[in-house]
Structure formats: C-alpha cells, structure tokens
Amino acid sequence: MNLGPHTALVEEILATIERGEILSPRASSFEPDALVVHDLPEAKRYAWSRPIAGAESSTWTDLREDEVAPFHAAPYDHPELKPAYDATDGLLPNLLGLLRGKLPSSYSELLDDIAADLQHCAMNRGLYGLVPNSFWERIWRVYAAGAWPCGWAGEYPEGRIVIYQPPPNPAA
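Read on for a plain summary of the structure.

Each value, and the rule that gives it
Residues numbered from 1 in each chain as written. Predicted model: local features only at pLDDT ≥ 70, side-chain atom pairs only at ≥ 80, totals over all residues. Heavy atoms only, no water. Buried < 20%, exposed > 50% of the residue type's maximum accessible area, 1.4 Å probe, protein only. Helix = DSSP H or I, 4+ residues; strand = E, 2+ residues; numbered from the N terminus. Arc of directions from axis to C-beta. Contact = heavy atoms within 4.5 Å. Phe/Tyr/Trp six-rings, centres within 6.5 Å; stacked < 30°, edge-to-face > 60°. Axes fitted to C-alpha atoms, helices over the stretch in contact; angles between N-to-C directions. Parallel < 35°, antiparallel > 145°, perpendicular 65-115°, else oblique. Left-handed = near helix turned anticlockwise from the far one by under 90°. Nonpolar A, V, L, I, M, F, W, Y, C, P; charged D, E, K, R; others polar.

### What to know about helix α4 (residues 82-89)
Listed in full, the buried residues belonging to α4 are A84, Y85, A87 and T88. Projected onto a plane normal to the axis of α4, the buried residues spread over an arc of 165° and lie on a single side. Summarising the contacts, the buried residues of α4 are in contact with α1 (7-18), α3 (60-77) and α6 (111-128).

Spelled out as structure tokens, the structure:
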C-alpha cells in the first residue's frame, strides 16, 4: 500500500489495529499530566458532553474537528501533499472494517470516534511524518498504549488530556 513518503508510519497504525491492540491496555502510565479515568460512562461524558474551558470548541468532539481543519487545507497550500492526503483520506472504510473485527463489543458505540481519530492520526503522519508533540501524534500514543483519548480537563491548551484506560479484561 502506498500512502505517500511516510507510508511506514501510517502502516504502523494499521498494524496496531490488525493486532487487536486498540483498547487493549498495555501501559500503566501515559503523559505525565494526563488525567486517567477507568469508568467508561465517565469517559463518554468527557468525550461527548463535557465542555472544554478556554477553547473555541465547546466539546472534545469539536476540538478534534478543529485540529483536523489544517489537513484539508494542506493539499491546496502544498500540492505535493495531495497524493498522501488522498491516500489517507480514503482510509476510513478500511479502518472501520478492521476495528469492527477487533474491538470488544462493549466498545461498539466508540467505533466511529476511534476510527475517525485513527484516520486523522494516519493523515498527520502521512502528510507530515513524525511530529512528536503534535496533537494527533499525542492522540496516537494514547491509542498505541491501548487506551482511549476521550477529553480535555482544564483550559485548552494548558490543561491535560483525559484518557480512558480499560480494565484488563473488558466484557466482550
């Protein structure tokens, strides 16, 4: 699969999904300032309804959408990025298919959010390579550790990312 000059970085995301490592806890620590929650209903509140202080966006969903906007401008501002943009922009159906077969059923209502996040992580890598402190690379590190980045606590961007860490054996 050719996903542009940073194909290997994008393939790392796909391989992690294929191995069933999304929402499969492996890390006991995350970013030093992260707020880790272990209760799925609480994580969903952070993700979908809790407002974010100091952000132009009102919720985590809105904030993530704002962080995607530069990707859509990239092929216009830098035409050489168009092939990588097109390749990663078309990944969503593949990601949804991979995740449907790998996520425990207890997380089925998270499927769309997770697939969209992983597509945007892939776009970030496909367009720009490895940018360690970028928003989407931080999101990817959480997923790669087997957790779900689900919100923001405090004022954005000075606050901290909220991470749902699943129990070792979630109900299937």
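Here the narrative resumes.
### Considering the packing of aromatic side chains
Under the counting rule described, the total for this entry stands at six aromatic pairs. Ring centres 5.0 Å apart and planes at 85° place the aromatic pair F135 and W136 in the edge-to-face group. In terms of burial, F135 and W136 fall into one category: buried. Here the aromatic rings of W152 and Y156 are separated by 4.9 Å at their centres, their planes lie at 70°, and the arrangement is edge-to-face.

### A short note on the packing of α4 against α6
Helix packing geometry: the angle between the two helix axes and the distance between the axes. Direction vectors running N to C along α4 and α6 enclose 165°, while the axes themselves pass 9 Å from each other. Taken together, the axes of α4 and α6 lie roughly antiparallel to each other. The handedness of the crossing between α4 and α6 comes out as right-handed. Where α4 abuts α6, its residues A84, Y85, T88 and D89 lie against Q119, A122, M123, G126 and L127. Split by residue class, the contact of α4 with α6 holds five nonpolar, three polar and one charged.

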